[in-house]
Each structure stands twice: as structure tokens, then as C-alpha cells.
Amino acid sequence: MSAALRFSSRMNIKFNNVTKKYGIIVAVSQITFEVKSGEFVFIAGPSGAGKTTLLRLILSQTKPTSGTLEIGNVDLGQSKKHQLEKIRKKIGVIYQDYQLIPDKTIEENIALALDIVSYPKKNLHHQIDEVIRKVNLTTRRFLYPSQLSGGELQRASLARALAIDPAIILADEPTGNLDLENTWRLIKLLKDINQTTKTTIIMTTHNSDIIDSLDKRVIFLRDGMVEKEINHQQKQ
Ligand code: ADP
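Okay, so let's go over this structure.

Reading guide: rules and limits
Residues numbered from 1 in each chain as written. Predicted model: local features only at pLDDT ≥ 70, side-chain atom pairs only at ≥ 80, totals over all residues. Heavy atoms only, no water. Helix = DSSP H or I, 4+ residues; strand = E, 2+ residues; numbered from the N terminus. Buried < 20%, exposed > 50% of the residue type's maximum accessible area, 1.4 Å probe, protein only. Near = heavy atom within 4 Å. Polar contact = N/O pair within 3.5 Å; in protein donor to acceptor, adjacent residues only side chain to side chain. Areas by Shrake-Rupley, 256 points an atom, 1.4 Å probe, with all protein chains shown as cover. Nonpolar A, V, L, I, M, F, W, Y, C, P; charged D, E, K, R; others polar. Phe/Tyr/Trp six-rings, centres within 6.5 Å; stacked < 30°, edge-to-face > 60°. Lys NZ or Arg CZ within 6 Å of the ring centre and 35° of its normal. Pairing = 2+ DSSP bridges. Contact = heavy atoms within 4.5 Å. Axes fitted to C-alpha atoms, helices over the stretch in contact; angles between N-to-C directions. Core = buried A, V, L, I, M, F, W, Y, C linked by side-chain atoms within 4.5 Å. Arc of directions from axis to C-beta.

**Considerations on unusual backbone geometry**
At Q99, a position not held by glycine, the phi torsion is positive, near 55 degrees. Summarising the element assignment, Q99 is placed in the loop between β6 (91–95) and α4 (106–116). The residue S118 is not glycine, and still its phi comes out positive at about 55 degrees. Note on placement: S118 falls in the loop between α4 and α5 (124–134). Given the relative accessible area of 55%, S118 is considered exposed.

Here you go:
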């Protein structure tokens, strides 16, 4: 097995007593949990509970004020920039507002993500073909974001996240702007990806219908703290 594969297959995420403060605001407080490689976990809780802050910590967009956060046994708070970049390149992200670049086509948006992770040029077209097919957007490949519906935009954003062969996908309220049909379509895609490729998926949501539909582990946050945790899979 290559070094890169060994590294990604061990990308457990470990929060150990993590507190994040913004000035006097405590966004998350004394959070401890571990997400094992290949798990599908929901982070639930009302607005302001600290869900997005947890994802920003995983992405090294911000550092813990205290406590430690490890990904693949690398302590993010103690790591050098190149180590953080290496981890960041194995994380795909999708957002409620898609965050596609408006003046680039869907294909160009995906190509840009591949360029950022220095994806081998000779495999670029094949990889773009694959991910666009996976999310069923073959006919939208050369269109611009303004020409796509909400459901298509979120699937394009998922294609971009998948293109880098992520070990982890973070989905921040990804169904927040979608209608019911597209919500379930996206959830099915995420579930299938998790099952077939063993990509870790961490999804924030306050939609209890989605949480109830999947029987996955759920970490409930309130006021920055873990209020409770449900692990349907352990109960079975
Ligand atoms: P959620 O995603 O559950 O809605 P957030 O993680 O966005 O919650 O926010 C948690 C708390 O931290 C909120 O009180 C929010 O106002 C605060 N917060 C988040 N980001 C910042 C920031 N950059 N500066 C100041 N306060 C912030």
C-alpha cells in the first residue's frame, strides 16, 4: 500500500477537550469525541450551537483555544503548515450555499479543485468524467452555476468535493437550500459514497427527518457543548 493510502486510511478525527473562544464568546466548550475513518456522523443542534465551528476546526481554518484536535494522529494545533496542507487536501467540503465560482463552468470549478491538490494532469479528464457521472450531471458539465437548479448546484459541489478522492467529506447544512426531492437525492448520494468508498462523512444539520432516516451516529450540540449522543449502529 502506498504511503498516501496508509495515511488517508488512518484519518480518525479526535477532539480532546476542545474549547474554541472568539474573544469572550465561547463557540464550543470542552468537546471530546472521536470519529473513526469510514464513519457517517451527524452533528445536530440549533443555530449557534457550534456546529460550523467544529467543521472549521477540522479544516484548520481556526485553532482550538485549548484542548487538542488530531486528524490521523497529527495534532493540528502543533503542526507545521505543510502537514496541515497535506491533511486539508484529503478533505472535501460542501456548503449550504454551494460556493461554486460563478464565472467558471462546472467542469472548470472541478478542475480548479484538482489543480489546488496538484492532481496528476494526465488523469484530470478521466477524474472529472467520473465524478460528474457519479452525481448525474453529465449534461450540465459545460454550463455555469447560474444555469443550474439548486439540486444540481449541490450535486456539482459534491462532484468537486469528490474529485480530490477525499478521505473525509464535511457537509455543512448541505440541504439547507434544497427542496424535499433534492434533499433526499443528496442524502442518498452521501450514503452511497460512504458505503462504497468508506469515505468518512460528517454532516451538520438541524433536520430531524434526515437524521431519523439514516440510523447513523448523531452528536447533539447545545450552547457549544455535547448535549447527548446517539449511536443507532451500536444499538443494533
Ligand atoms: P452553528 O453552526 O451551530 O450555527 P457556529 O459554530 O456558527 O454555530 O457558532 C457558535 C457560536 O460562536 C455562535 O454564538 C456564534 O455567534 C459564535 N461565532 C462563530 N464564529 C464566530 C466568529 N468568527 N466570531 C465571533 N463569534 C463567532
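After that view of the structure, there is still more to cover.
**Focus: the site of the ligand**
Around the ligand, the structure places Y22, I25, A27, P46, S47, G48, A49, G50, K51, T52 and T53. Between the ligand and the protein, one listed contact pairs an oxygen atom with a side-chain N or O atom of K51 at 2.8 Å. Contacts to the ligand include T53, whose side-chain N or O atom sits 2.5 Å from an oxygen atom. Protein chains bury 61% of the 560 Å² of accessible surface belonging to the ligand in isolation. Of all the elements in the fold, those that place two or more residues in the shell around the ligand are β2 (25–35) and α2 (51–58). Of the residues forming the shell around the ligand, the biggest block, three residues, is contributed by α2. Among the residues making up the shell around the ligand, the classes are represented as five nonpolar, five polar and one charged.

**Some words on the packing of aromatic side chains**
If you walk through the whole model with that rule in mind, you get two aromatic pairs. Considering the side-chain rings of F40 and F42, the 5.3 Å spacing of their centres and the 55 degrees angle between planes classify their relative orientation as tilted. The residues F40 and F42 share a single accessibility class, namely buried. One residue, K20, lies across the ring of Y22, its end atom 5.2 Å from the ring centre. Its guanidinium or amino end placed over the ring of F220, K228 lies 4.6 Å from that ring's centre, counting from NZ or CZ.

**Examining the sheet that holds strand β5 (residues 74–75)**
Here we have four strands laid out as an open sheet, ordered β2-β1-β4-β5, and antiparallel in their pairing. Either end of the sheet is taken by a strand with one partner, and the two such strands are β2 and β5. Bridge count between strand β4 (residues 66–71) and β5: two bridges; the pairing is antiparallel. When the sheet's bridge partners are listed, E70 is paired in β5 with D75. In the packing of α2 onto the sheet, the strands contacted are β1 (13–22), β2 and β4, and the crossing angle to β1 comes to about 115 degrees.

**Quick look at the nonpolar core**
In this structure, F42, I110, L114, L158 and M203 are the most contacted members of the largest nonpolar core, which totals 41 residues. The element contributing the most residues to this core is helix α6 (residues 150–163), with seven residues. Sequence-distant contacts of F42, defined by excluding residues within four places in its chain, comprise M203, T205, I210, I211, L214, K216, R217, V218 and I219. Residues V28, I71, I87 and I91 belong to the second largest nonpolar core, which totals 31 residues.

**Re α5**
One turn of the α-helix equals 3.6 residues, which is why residues spaced by three or four share an orientation. Those residues of α5 that sit buried are L124, Q127, I128, V131 and I132. Within α5, the buried residues cover an arc of 125 degrees as seen down the axis, which keeps them to one side. Residues of α5 that are exposed and angled more than 90 degrees away from the buried face: H126 and R133. Looking at the buried residues of α5, the elements they touch are α4 and α6. Phi turns positive one or two residues past the end of α5, at N136, with a value near 60 degrees.

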